[in-house]
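# Structural overview for review
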Amino acid sequence: MSLLNAPIAHAATEVLPTALKMLGEDGPRTYLVIFQNNAEIRATGGAGAAGVYVKADGGRIELLGTTGSASFEIDGVSGTAQLALPADTLALYDDEFSRFSQNYTKTPNFPTAARLFQAVAPVTDGYTVDGVVSLDPVVLGDILAVTGPVTVDGTEVNADNAVSLLL
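Just so we're clear, the structure is a prediction, and the values are computed from it rather than from any experiment.

Our focus in this paragraph is the packing of aromatic side chains. Scanning the entire structure with this criterion turns up four aromatic pairs. When the centroid spacing of 4.2 Å and the interplanar angle of 25° are considered together, the rings of tyrosine 53 and tyrosine 127 count as stacked. You can see tyrosine 53 sitting in strand S2 (residues 47–57) and its partner tyrosine 127 sitting in the loop between helix H4 (110–124) and strand S4 (131–135), a full 74 residues away along the chain. Using a relative accessible area of 0% as the deciding quantity, one classes tyrosine 53 as buried.

In structure tokens, the structure reads:
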């Protein structure tokens, strides 16, 4: 192996085990993919404005459903914390941080934001998720420029329209 390829090989050995688990190597996994609206800046990029639920099983990814701010803000959920956080964590933020989904990403600690989304998903959309992934719609557009478009519920999402569709 040449020295030029060594960093790539090292990165692959670091990332591959996690990627294989995420892709359902050990059985089906369900994820909530949040698209952060960078028009409403938050610590991790933006407010969690739109999202999709996906199932990964044996390397195959399937779209299960869509969601967004309107789903997370239904009566009985909006304004109510779905996850008990430690008092010292809550003391760092305003009163609305853990009660409204658009504020979950106010924390720069994404594992905390992910747990908040995981807690609200079963209540609002009926999905129990194994993990939460966050993407900036601009970056998603760049990814689609390389991979090509995808069709979701009859609508093509591509590099040119990803941002406008998701935001």
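The next subject is the pattern of salt bridges. A complete count under the given rule lists three salt bridges for this structure. One salt bridge connects lysine 106 with aspartate 94, and the closest N-O pair in it is separated by 2.4 Å. With a gap of 12 residues between them, lysine 106 in the loop between helix H3 (87–90) and H4 and aspartate 94 in the loop between H3 and H4 connect regions that are remote in the sequence.

As for its placement among the helices and strands, serine 98 is situated in the loop between H3 and H4. Relative accessible area serves as the criterion here: at 6%, serine 98 is assigned to the buried category. Discounting residues that sit within four places of it in the chain, serine 98 has contacts with Thr80, Ala81, Gln82, Leu85, Leu90, Tyr104 and Leu116.

This part covers helix H5 (residues 137–147). Buried within H5 are the following residues: Pro137, Leu140, Gly141 and Leu144. Along H5, the residues classed as buried sweep out an arc of 105° about the axis, all on the same side. Summarising the geometry of H5, the exposed residues directed more than 90 degrees from the buried face are Asp142, Ala145 and Val146. Buried residues in H5 make contact with strand S1 (29–37), S4, strand S5 (150–152), strand S6 (155–157) and helix H6 (162–166). Its side-chain oxygen at 2.6 Å from the backbone nitrogen of valine 138, aspartate 136 defines the N-terminal cap of H5. Note on H5: the residue one or two positions beyond its end, glycine 148, has a positive phi of about 100°.

In this model, the largest pocket occupies a volume close to 770 Å³. Forming the walls of the largest pocket are 27 residues, and the residues nearest its centre are Val33, Phe35, Val52, Val54 and Leu140. Every element with two or more residues in the lining of the largest pocket is listed here: S1, S2, strand S3 (60–68), S4, H5, S5, S6 and H6. Looking at the lining of the largest pocket element by element, the count peaks at five residues for S2. Classifying every residue of the lining of the largest pocket gives 21 nonpolar, six polar and no charged.

Basis of the calculations
- Residues numbered from 1 in each chain as written.
- Predicted model: local features only at pLDDT ≥ 70, side-chain atom pairs only at ≥ 80, totals over all residues.
- Heavy atoms only, no water.
- Phe/Tyr/Trp six-rings, centres within 6.5 Å; stacked < 30°, edge-to-face > 60°.
- Helix = DSSP H or I, 4+ residues; strand = E, 2+ residues; numbered from the N terminus.
- Buried < 20%, exposed > 50% of the residue type's maximum accessible area, 1.4 Å probe, protein only.
- Salt bridge = Lys/Arg side-chain N within 4 Å of Asp/Glu carboxyl O.
- Contact = heavy atoms within 4.5 Å.
- Arc of directions from axis to C-beta.
- Polar contact = N/O pair within 3.5 Å; in protein donor to acceptor, adjacent residues only side chain to side chain.
- 1 Å grid on protein atoms, 1.4 Å probe; cavity = no way out; pocket = protein on both sides within 12 Å on 5 of 7 lines; lining within 4 Å.
- Points joined across faces, edges and corners; volume = space filled by probe spheres on them.
- Nonpolar A, V, L, I, M, F, W, Y, C, P; charged D, E, K, R; others polar.

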